[in-house]
2 protein chains.
Amino acid sequence: MAFNPNDLAAVSLHRQQFSVLKGKQYFNYGGQGPMADSAIAALSQAQQNIQTEGPFSSRAYEWVKAQGTQVRGAIAQALGTTPEAITLTENVTVGCNIPLWGLPWQSGDHILMGDCEHPGVVAAVAELSRRYELDVSTCALADTRNEISADKGANKGPVALIQQNLRPNTRLVIISHILWNTGQVLPMKEIVSVCHRNAPHTRVLVDAAQSAGSLPLDQSGWRLPETKVDYYAFTGHKWWCGPAGIGALYVRPEVLAETAPTFIGWRGIEMDDAGNPTGWKPDGQRFEVATSDYPLWSALQQAMKVQAEWGTSGQRYERICRLSERLWEGLRAIPKVTCLLTAAPPPSGLVSFQLIGDRAQPSPDLHNALVQQLEAQQIYVRTLLSPHCVRACVHYLTLESEVDALVEKVRAFV
Amino acid sequence: MAFNPNDLAAVSLHRQQFSVLKGKQYFNYGGQGPMADSAIAALSQAQQNIQTEGPFSSRAYEWVKAQGTQVRGAIAQALGTTPEAITLTENVTVGCNIPLWGLPWQSGDHILMGDCEHPGVVAAVAELSRRYELDVSTCALADTRNEISADKGANKGPVALIQQNLRPNTRLVIISHILWNTGQVLPMKEIVSVCHRNAPHTRVLVDAAQSAGSLPLDQSGWRLPETKVDYYAFTGHKWWCGPAGIGALYVRPEVLAETAPTFIGWRGIEMDDAGNPTGWKPDGQRFEVATSDYPLWSALQQAMKVQAEWGTSGQRYERICRLSERLWEGLRAIPKVTCLLTAAPPPSGLVSFQLIGDRAQPSPDLHNALVQQLEAQQIYVRTLLSPHCVRACVHYLTLESEVDALVEKVRAFV
């Protein structure tokens with residue numbers, strides 16, 4: 001029997017593995033995903049195992065090393081790539097900082113950024129440009145959000161916009177795969193293609209905070225090597241529902257050598273018999289630094305395993321889109337509610353909307369009040385600042401009944 | 001009744017909180033300390049709490065924020081400083097990388113390093129000097145290890161050596177407070193003093209991997225502000241017996257402004273109402289990046305609390321020194337065993353020794369064989385590469401009987 005991504009009984013059964021979802025209506029997957037009971041247990045078991053086997057011993061070290069190999073393998077498989085391309089990081093932002101500080105900058109080099117990048121990345125680029133005297137410009141990707149072509153999801157606006165803003169000396173283009181405020185999915189492969197055609201030195205760094213674990217990146221057409229993206233930084237604690245504190249960076253093998261490690265430690269280097277550094281690790285491990293909370297490696301693997309029990313990544317993505325369409329349709333039917341996307345439902349799980357207050361303007365006060373009122377009822381959504389809005393995320397774990405209840409709560413509030 | 005740091009019954013009782021020590025003779029505190037049961041439990045409880053309260057919600061955020069305030073407070077107190085001087089990091093090495101990449105380097109600036117620094121830091125300095133065209137020189141601190149003055153622990157050799165190697169353009173001096181191979185304690189205050197007298201721009205970065213949690217840094221004469229050290233990087237998972245994956249950096253308030261953040265994220269910046277970065281956090285948080293494994297913050301607090309139940313930091317240090325003397329005396333009495341320190345016992349918990357093999361030379365093969373043979377019996381020591389040796393660490397948790405048994409095991413092996 002074919003797997004049916006809309007089999008509600010199957011979702012309900014699968015969800016029983018997530019005790020922390022009980023009694024809640026949870027829509028903050030884009031902030032942090034809830035952990036399955038078995039992923040929480042994997043954390044404790046790994047910690048206990050390391051402590052019991054050592055904590056500092058060759059047995060504990062070998063066990064941790066094997067966990068590292070396994071988690072790099074699991075992540076690589078989920079992105080359609082090989083473990084050598086993967087660097088384990090603490091979070092998305094560290095993953096972005098690695099190429100930012102690792103490229104061989106020349107004074108006057110140009111960085112082109114989308115206008116929906118995370119403040120942390122914006123601040124890092126500002127400091128980078130101060131130090132290396134770079135030119136930074138921003139292009140208004142958010143404005144393209146309602147220019148939808150006939151081909152669903154293949155929004156052509158952003159590609160043209162980025163192409164227009166490239167310069168001969170553009171060294172780096174920074175975009176998000178899914179814009180965290182609007183829920184747009186950018187056509188990454190096409191954007192990378194125009195960037196790479198721009199100049200031999202133009203690279204593309206993608207903030208994948210919202211896309212890793214939600215888009216079917218192991219499927220044909222989506223796989224990272226096929227897109228030729230240079231750097232793809234992401235985290236395990238959002239859509240993969242892993243623990244906070246572990247993320248990763250994909251570096252395209254062709255740009256590994258030109259990307260120098262900046263924050264450096266024993267995990268990234270090779271040593272001779274006297275412990276003298278002799279060079280970098282041959283693969284993505286060169287960007288890893290030193291001691292981490294290794295139990296996170298076991299817990300993320302377990303979190304990913306739980307998701308893999310529920311269909312393919314394509315089927316999970318299909319369900320996410322169906323649910324976000326349901327939520328989007330429900331919200332836009334409410335007077336005084338405007339979704340950020342108006343032309344079509346989000347091709348992702350991120351549904352952002354505004355409540356219209358006095359003078360027909362979106363009202364931050366109403367947004368804050370709604371979020372607070374809902375949280376008091378164990379319904380979890382969040383505000384975003386730019387544009388000020390409320391964001392509700394749907395996961396494949398979300399129930400249709402939760403979506404409908406949220407719509408009713410918003411309706412009652414306005 | 002006065003607390004007696006050598007009351008064996010009290011130590012045994014206190015040790016019952018560390019189930020993972022049962023059935024083991026553990027001497028790898030300098031690699032990683034074992035966690036108390038309550039510290040392991042704190043990890044699980046914090047994870048469960050965050051997941052239950054959110055995981056992404058204002059309640060979970062407020063709880064995590066309070067944990068951050070508490071752990072910064074606990075760390076600051078243990079170093080005799082204030083929370084504003086503390087940056088939470090993932091490990092010691094990240095803490096070293098922050099000032100390394102944050103100083104306003106000029107081509108030709110000089111870095112002076114000790115010859116016992118960790119390979120990770122050595123590699124970071126090599127890359128830094130490549131990028132900024134710096135001069136790096138090393139001075140042979142290890143050679144001073146047996147030049148002991150009448151005043152116990154106040155070894156004058158290293159101060160003079162560093163003074164001789166300073167240059168007018170020395171911008172940074174990098175040393176460890178306790179040398180991880182020899183167990184020497186460097187007279188940090190005196191070293192900082194000669195460095196600061198050298199030039200207005202000479203700063204001192206201290207790798208405190210072995211000293212935080214083992215030296216009485218909250219006591220008069222030891223407190224970081226009294227020593228005027230500029231940067232002090234350390235971890236919670238060695239002598240404090242906290243979880244792996246959390247460390248911190250102390251930055252002297254007077255050098256905060258000249259130290260620019262490099263790896264940058266939302267935790268380090270201030271934002272306006274539209275989420276635009278407006279500047280750095282006013283304190284050490286400016287060097288923190290983004291999402292971490294926050295339960296580590298709770299677990300480290302608990303680990304430190306457990307230690308505080310057992311006397312003062314001075315009493316714990318006194319016991320460590322007494323035990324290392326016992327171990328050192330025992331080992332040096334064995335034919336074909338040479339301790340790295342010969343003139344006096346280590347003023348720290350690190351006791352390194354060599355086994356003399358053919359041609360009266362230290363034998364790496366014997367060192368490796370001893371470590372393996374002991375680990376098979378659940379006795380945990382490690383090898384170091386430079387000089388090749390075996391290192392056994394004693395903690396205040398160590399029992400006299402463990403020390404004596406280790407000495408007998410080594411005697412039996414040789």
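Note that the structure is predicted; figures quoted are calculated from it, not measured. (Residues numbered from 1 in each chain as written. Chains lettered and ligands numbered in written order. Predicted model: local features only at pLDDT ≥ 70, side-chain atom pairs only at ≥ 80, totals over all residues. Heavy atoms only, no water.)

What about the overall build of chain A?
So, step 1. A count of helices and strands for chain A gives 13 helices and 15 strands.
So, step 2. For 414 residues, the compact-globule estimate of 2.2 N^0.38 gives 22 Å, and the C-alpha radius of gyration of chain A, at 22 Å, lies within 12% of that figure.
So, step 3. Oriented by its inertia axes, the alpha-carbon framework of chain A measures out at about 70 × 55 × 45 Å.
So, step 4. Split into buried and exposed, the 414 residues of chain A put 62% on the buried side.
So, step 5. Contacts in chain A between residues at least 24 apart in sequence constitute 72% of all its contacts with a sequence separation of at least 6.
So, step 6. Only carbon and sulfur atoms are counted for the fraction: they give 51% of the accessible area of chain A, which is about 14,700 Å².
So, step 7. Of the side-chain charges in chain A, 35 are positive and 39 negative, and the distance between the mean point of each set is 3 Å. (Helix = DSSP H or I, 4+ residues; strand = E, 2+ residues; numbered from the N terminus. Rg over C-alpha atoms; globule rule 2.2 N^0.38 Å. Buried < 20%, exposed > 50% of the residue type's maximum accessible area, 1.4 Å probe, protein only. Contact = heavy atoms within 4.5 Å. Areas by Shrake-Rupley, 256 points an atom, 1.4 Å probe, with all protein chains shown as cover. Lys, Arg positive; Asp, Glu negative; His and termini not counted. Charge placed at Lys NZ, Arg CZ, Asp CG, Glu CD.)

Some words on the packing of helix α2 (residues 37-53) of chain B against helix α3 (residues 58-78) of chain B
All names here are of chain B.
So, step 1. The contact between α2 and α3 brings their axes to 7 Å, and the two run at 150°. By the criterion of interaxial angle, the relationship of α2 to α3 is roughly antiparallel. On α3, the residues that touch Ala46, Asn49, Ile50 and Glu53 of α2 are Arg59, Ala60, Trp63 and Val64. (Axes fitted to C-alpha atoms, helices over the stretch in contact; angles between N-to-C directions. Parallel < 35°, antiparallel > 145°, perpendicular 65-115°, else oblique.)

Digging into the relation of the copies chain A and chain B
So, step 1. Structural alignment of chain A on chain B gives an RMSD of 0.0 Å, achieved by rotating through 180° and translating 0.0 Å along the axis. Within this description, the copies of the chain are treated as partners about a two-fold rotation axis. No C-alpha of chain A approaches the rotation axis more nearly than that of A:Ser44, which lies at 3.3 Å.
So, step 2. Here 100% of the interface residues in chain A have copies in chain B that are interface residues too; the copies meet face to matching face. (Least-squares fit on C-alpha atoms with pLDDT ≥ 70 in both.)

Describing the interface of chain A and chain B
So, step 1. Of the residues lining the interface, 70 residues belong to chain A; the matching set on chain B comes to 70 residues.
So, step 2. A buried area of about 5,700 Å², summed over both sides, lies between chain A and chain B, and 60% of it is on carbon and sulfur atoms.
So, step 3. It is A:Gln51, A:Phe56 and A:Phe263 that lose the most area in chain A upon contact with chain B, and together they represent 13% of the buried surface on that side.
So, step 4. Between chain A and chain B we count 0 salt bridges in total.
So, step 5. For the pair chain A and chain B, the interface holds 32 residue pairs in polar contact (both at pLDDT 80 or more).
So, step 6. No other element matches the 9 residues that helix α5 (residues 119-132) of chain A contributes to the side of chain A that touches chain B.
So, step 7. By residue class, the composition of the side of chain A that touches chain B is 32 nonpolar, 26 polar and 12 charged. (Buried area = accessible area lost by both parts, 1.4 Å probe. Salt bridge = Lys/Arg side-chain N within 4 Å of Asp/Glu carboxyl O. Polar contact = N/O pair within 3.5 Å; in protein donor to acceptor, adjacent residues only side chain to side chain. Nonpolar A, V, L, I, M, F, W, Y, C, P; charged D, E, K, R; others polar.)

A closer look at the nonpolar core
So, step 1. Counting 76 residues, the largest nonpolar core has B:Ile75, B:Leu79, B:Ile162, B:Ile175, B:Tyr232, B:Phe234 and B:Tyr250 as its most contacted members.
So, step 2. The element contributing the most residues to this core is helix α9 (residues 295-308) of chain B, with 7 residues. (Core = buried A, V, L, I, M, F, W, Y, C linked by side-chain atoms within 4.5 Å.)

A few points about the pattern of salt bridges
So, step 1. In total, this model carries 30 salt bridges over all chains according to the counting rule given.
So, step 2. In this structure, the salt-bridge partner of A:Arg171 is A:Glu258, at a minimum N-O distance of 3.0 Å. Linking A:Arg171 in strand β5 (residues 170-176) with A:Glu258 in the loop between α9 (253-256) and β9 (269-271), this pair joins segments that are 87 residues apart in sequence.
So, step 3. By relative accessible area, A:Arg171 is classed as buried at 9%.
So, step 4. Across the pair B:Glu53 and B:Arg59 runs a salt bridge, and its minimum N-O distance is 2.7 Å.

A look at the pairing of strand β14 (residues 382-385) of chain B
So, step 1. Bridging between β14(B) and strand β15 (residues 388-393) of chain B involves 4 bridges; their strand directions are antiparallel. Across the sheet, residue B:Leu384 finds its bridge partner in β15(B), namely B:Cys389. (Pairing = 2+ DSSP bridges.)

Describing the packing of α2(B) against α9(B)
Residue and element names in this part refer to chain B.
So, step 1. It is at 8 Å that the axes of α2 and α9 come closest, and there the two elements cross at 150°. It follows from the interaxial angle that α2 and α9 lie roughly antiparallel. Relative to α9, the crossing made by α2 is right-handed. On the side of α2, the interface is formed by Ser38, Ala39, Ala42, Leu43, Ala46, Gln47 and Ile50, while α9 contributes Pro295, Leu296, Ser298, Ala299, Gln302, Ala303 and Val306.
So, step 2. Across the contact of α2 with α9, the residue classes tally to 10 nonpolar, 4 polar and no charged. (Left-handed = near helix turned anticlockwise from the far one by under 90°.)

Points about α2(B)
So, step 1. In a regular helix each residue adds 1.5 Å, so 17 residues correspond to 24 Å; α2(B) covers 24 Å between its end C-alpha atoms and thus fits that length.
So, step 2. Among the residues of α2(B), those classed as buried are B:Ala39, B:Ile40, B:Ala42, B:Leu43, B:Ala46, B:Gln47, B:Ile50, B:Gln51 and B:Glu53.
So, step 3. Each element contacted by the buried residues of α2(B) is listed here: α2 (37-53) and β13 (379-380) of chain A together with α3 and α9 of chain B. (Expected span 1.5 Å × (residues − 1).)

Some details on the sheet that holds β15(B)
By definition, the strands of a sheet pair up through backbone hydrogen bonds, in either a parallel or an antiparallel sense.
Residue and element names in this part refer to chain B.
So, step 1. Reading across from one edge, β11-β12-β15-β14 is the order of the 4 strands in this open sheet, with antiparallel pairing throughout. Pairing within the sheet leaves two strands with one partner each, and these edge strands are β11 (337-339) and β14. Adjacent strand axes in the sheet meet at a mean angle of 40°, parallel and antiparallel pairs treated alike.
So, step 2. Helix α10 (residues 313-332) rests against β11, β12 (350-355) and β15 of the sheet, and its axis sits at about 10° to β12.

Details of the confidence of the model for chain A
All names here are of chain A.
So, step 1. Mean pLDDT over chain A works out to 96, with 98% of the residues at or above the 70 mark.
So, step 2. Here residues 150-155 scores under 50 on pLDDT; set against residues more than four positions off or in separate chains, the count is 8 contacts.
So, step 3. The complex prediction reports pTM at 0.97, with the ipTM value standing at 0.96. (pLDDT = per-residue confidence, 0-100.)

Here we look at the side chain of A:Thr170
Residues and elements named next belong to chain A.
So, step 1. Mapped onto the secondary structure, Thr170 falls in strand β5.
So, step 2. A polar contact of 2.7 Å, which involves the side chain of Thr170, links it to the backbone nitrogen of Arg167.
So, step 3. If sequence neighbours within four positions are ignored, Thr170 has contacts with His110, Leu112, Asn198, His201 and Thr202.

Structural notes on the sheet that holds strand β15 (residues 388-393) of chain A
All names here are of chain A.
So, step 1. Reading across from one edge, β11-β12-β15-β14 is the order of the 4 strands in this open sheet, with antiparallel pairing throughout. The sheet is open, and its two edges are formed by β11 (337-339) and β14 (382-385), each paired on a single side. Going across the sheet, the axis of each strand differs from the next one's by a mean of 40°, ignoring polarity.
So, step 2. Judged from the 4 bridges that link them, strand β12 (residues 350-355) and β15 form a sheet pairing that is antiparallel. Pairing of Val351 across the sheet is with Ala392, part of β15.
So, step 3. Sheet strands in contact with helix α11 (residues 313-332) are β11, β12 and β15, and its direction is about 10° off that of β12.

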